[in-house]
Amino acid sequence: MLKVRKKLVIGNWKMNGCLERNASLLAELRLMGSSERVEVVVCPPFPYVSQAKEILAGSAVSVGAQNLSSFKDGAYTGDVSGSMLLDLGCSLVIVGHSERRSVFGETDHVVATKVALALELGLKPILCVGETLAQREAGEAEAVVQAQLDGVLAVVGAALASDVVVAYEPVWAIGTGRTATPDQAEVMHAFIRAHLERSGVAAQKVKILYGGSVTAANAPLLFVKPDIDGALVGGASLVAESFSLICAAAAAI
Ligand code: PEP
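Residues numbered from 1 in each chain as written. Predicted model: local features only at pLDDT ≥ 70, side-chain atom pairs only at ≥ 80, totals over all residues. Heavy atoms only, no water.

S.K.: Sorry, what's going on with the site of the ligand here?
M.R.: Near the ligand lie 14 residues; those nearest to it are Lys 14, Glu 169, Gly 175, Ser 213 and Gly 234. Glu 169 has a polar side-chain atom sitting 2.7 Å from an oxygen atom of the ligand. Between the ligand and Gly 175, the relevant distance is 2.6 Å, taken from an oxygen atom to a main-chain nitrogen or oxygen of the residue. When isolated, the ligand has an accessible area of 300 Å², and the protein chains bury 95% of it. Residues that form the shell around the ligand fall into these classes: four nonpolar, eight polar and two charged. (Near = heavy atom within 4 Å. Polar contact = N/O pair within 3.5 Å; in protein donor to acceptor, adjacent residues only side chain to side chain. Areas by Shrake-Rupley, 256 points an atom, 1.4 Å probe, with all protein chains shown as cover. Nonpolar A, V, L, I, M, F, W, Y, C, P; charged D, E, K, R; others polar.)

S.K.: Explanation requested: the packing of helix α1 (residues 19-29) against helix α2 (residues 49-56) in the structure shown.
M.R.: Packed helix pairs are characterised by how far apart their axes lie and by the angle those axes make with each other. Look at α1 against α2: their axes get within 9 Å of each other, and the N-to-C directions meet at 35°. For the pair α1 and α2, the crossing hand works out as right-handed. Packed against α1, whose contacting residues are Leu 19, Asn 22, Ala 23, Leu 26, Ala 27 and Leu 29, the element α2 presents Gln 51, Ala 52, Ile 55 and Leu 56 at the interface. In the contact of α1 with α2, the residues fall into eight nonpolar, two polar and no charged. (Axes fitted to C-alpha atoms, helices over the stretch in contact; angles between N-to-C directions. Helix = DSSP H or I, 4+ residues; strand = E, 2+ residues; numbered from the N terminus. Left-handed = near helix turned anticlockwise from the far one by under 90°. Contact = heavy atoms within 4.5 Å.)

S.K.: Just checking my understanding: could you explain the packing of α1 against helix α10 (residues 240-251) for this structure?
M.R.: Following both chains from N to C, one finds α1 and α10 inclined at 30°, their axes separated by 10 Å at the closest point. Overall, the two elements α1 and α10 adopt an arrangement that is roughly parallel. At the point where α1 passes α10, the crossing takes the right-handed sense. Counting all contacts with α1, which are made through Leu 25, Glu 28 and Leu 29, the residues of α10 involved are Ala 240, Phe 243 and Ser 244. Of the residues contributing to the contact of α1 with α10, the split by class is four nonpolar, one polar and one charged. (Parallel < 35°, antiparallel > 145°, perpendicular 65-115°, else oblique.)

Note that every value here comes from positions in space, so none of it alone points to a role or purpose.
If you want it as structure tokens, here you go:
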């Protein structure tokens, strides 16, 4: 019997929040009921991970991080290591978000190193991939995403890659209000799964999330697609009602 992949919804707060605002958002998220069908995670900025862990303790929502160092430990001022994230109780970590790639210059190699380190530590890596608008318009979307996946596969190998969650986030849809249509997203998700399969990865096990202007309104249309296993949510995860509705939409499938 084919095992259904449990949906996963992750809130990426980016560099937003303060103690007071977080406390009220987290207090509302605490009330979210647990569901067999969806796992919910929030990723606050590093300084607020402990606050989130404390307020969400015993709730259905777990806590992750937005990034990790590509180094294990040592003289790397300003960096935060994967083992520190584990120490704080993070269950997963976002790697290679397009903002890390474009603003902070993270290359495919750095991203692959971070994915490998996270796997080694037992932190679930959420590997972000996605093309820019210019690349899509040039017909290069699939080639770009394939190259981003291959960079990681070359370092971690096919066997371990089945423990990675892939987040397809077209750059043109992040924070723009312009979501990929459910059909556009499904085409890319199916492509990603097929490419992983061809590369020897147990691809039916791999969760592939969609990210890019996900809202309570478009989430149900995305989640019915067979290869969309959940969402990486930016802006809408800062509003308890929207985020809860997105999680409820995932649980309803
Ligand atoms: C993101 O930060 O990963 C993201 C998808 O942002 P938004 O939902 O705001 O587009």
